[in-house]
Amino acid sequence: MRSIRALALLSIFPIQIATAQAPGVQWGPAPPVFPAGARFAVLAGDPSKAGEYTVRLEMPNNYTIAPHYHPTDEHITVIQGTFLVGMGDTVNAAKARTLKVGDFATAMASQHHFGIARGRTIVQVNGMGPFQLTYVNPADDPQKKVSKK
């Protein structure tokens, strides 16, 4: 009976830690692989290294991430706002899936997808690092646009 109680207490403990971290989220500019205007926060792990990570991306209304892919699965949960996720090589909001607060989606490794924020939107992304984002059309990469200036 004691072991059941101990197990029950331990199962509650991680939830309390996760909840306690939310108010202390440290936001900064999104990495340069994202279009300008978004903010980024690392909640767990180090997305630049091998291993699990959890990050959040805060986007203004109509913020669009052009079609891209990752070498690993990407798990997306909407924390605030509305996020449209579509599959394919071109942005087409009419064919995107609308995700509202609490909704979840997975973009499988190498699957071409895009995202559009409706209203101020925050998504949480869980994955395995190192994080990499490759644009289907290299001209969509903000890092290449900056380097041309």
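Residues numbered from 1 in each chain as written. Predicted model: local features only at pLDDT ≥ 70, side-chain atom pairs only at ≥ 80, totals over all residues. Heavy atoms only, no water.

Section: the overall build of the protein
Step number 1: Each helix and strand counted, the protein has two helices and nine strands in total.
Step number 2: Each helix and strand of the protein, ordered N terminal to C terminal, gives the series α-β-β-β-β-β-β-β-β-β-α.
Step number 3: In the protein, which comprises 149 residues, the share counted as buried stands at 33%.
Step number 4: In the protein, 69% of the contacts between residues at least 6 apart in sequence involve partners at least 24 apart.
Step number 5: Total accessible area computed for the protein in this model is approximately 8,800 Å², and 60% of it derives from carbon and sulfur atoms. (Helix = DSSP H or I, 4+ residues; strand = E, 2+ residues; numbered from the N terminus. Buried < 20%, exposed > 50% of the residue type's maximum accessible area, 1.4 Å probe, protein only. Contact = heavy atoms within 4.5 Å. Areas by Shrake-Rupley, 256 points an atom, 1.4 Å probe, with all protein chains shown as cover.)

Focus: unusual backbone geometry
Step number 1: A cis amide bond links Gly-129 with the next residue in sequence, Pro-130, at an omega value of 5°.
Step number 2: In this fold, Pro-130 is placed in the loop between β8 (113-129) and β9 (134-135).
Step number 3: For Asn-62, which is not a glycine, the phi torsion comes out positive at approximately 70°.
Step number 4: By the element assignment, Asn-62 lies in the loop between β3 (51-59) and β4 (64-69).
Step number 5: The partly exposed category is assigned to Asn-62, whose relative accessible area is 46%.
Step number 6: For Ser-110, which is not glycine, the phi torsion reads 70° and is therefore positive.
Step number 7: Mapped onto the elements of the fold, Ser-110 is located in the loop between β7 (104-107) and β8.

What to know about the nonpolar core
Step number 1: Phe-34, Leu-57, Met-59, Tyr-63, Ile-65, Phe-83 and Val-123 are the most contacted members of the largest nonpolar core, which totals 23 residues.
Step number 2: In contact with Val-123, other than residues within four places in its own chain, are Val-55, Arg-56, Leu-57, Met-59, Ile-76, Thr-77, Val-78, Ile-79 and Phe-83. (Core = buried A, V, L, I, M, F, W, Y, C linked by side-chain atoms within 4.5 Å.)

Some words on the pairing of strand β5 (residues 74-87)
Step number 1: Pairing analysis gives four bridges linking β5 to β7, with the strands arranged antiparallel. Each bridged residue has a counterpart across the sheet, and for Glu-74 the counterpart in β7 is Ala-107.
Step number 2: Two elements, β5 and β8, share twelve bridges in a ladder whose sense is antiparallel. When the sheet's bridge partners are listed, Gln-80 is paired in β8 with Ile-122. (Pairing = 2+ DSSP bridges.)

Quick look at the packing of aromatic side chains
Where two aromatic rings form a pair, the distance of their centres and the angle of their planes describe that pair.
Step number 1: The final tally for this structure, using the stated rule, is three aromatic pairs.
Step number 2: Geometrically, the ring pair formed by Phe-34 and Phe-40 is tilted, given 6.2 Å between the ring centres and 35° between the ring planes.
Step number 3: Classification of Phe-40 by relative accessible area gives buried; the value is 14%.
Step number 4: A ring pair is formed by Tyr-53 and Phe-131, whose centres lie 6.1 Å apart and whose planes are at 90°; its orientation type is edge-to-face. Here the residue Tyr-53 occupies a position in strand β3, and Phe-131 occupies one in the loop between β8 and β9, the gap between them amounting to 78 residues.
Step number 5: Among the aromatic residues, those joined into a cluster by ring pairs are Phe-34, Phe-40, Tyr-53 and Phe-131. (Phe/Tyr/Trp six-rings, centres within 6.5 Å; stacked < 30°, edge-to-face > 60°.)

Notes on the confidence of the model for the protein
Step number 1: For the protein, the mean per-residue pLDDT works out to 88, and 82% of the residues sit at or above 70.
Step number 2: Confidence over residues 1-21 falls short of pLDDT 50; this stretch has one contact with residues more than four positions distant or in other chains. (pLDDT = per-residue confidence, 0-100.)

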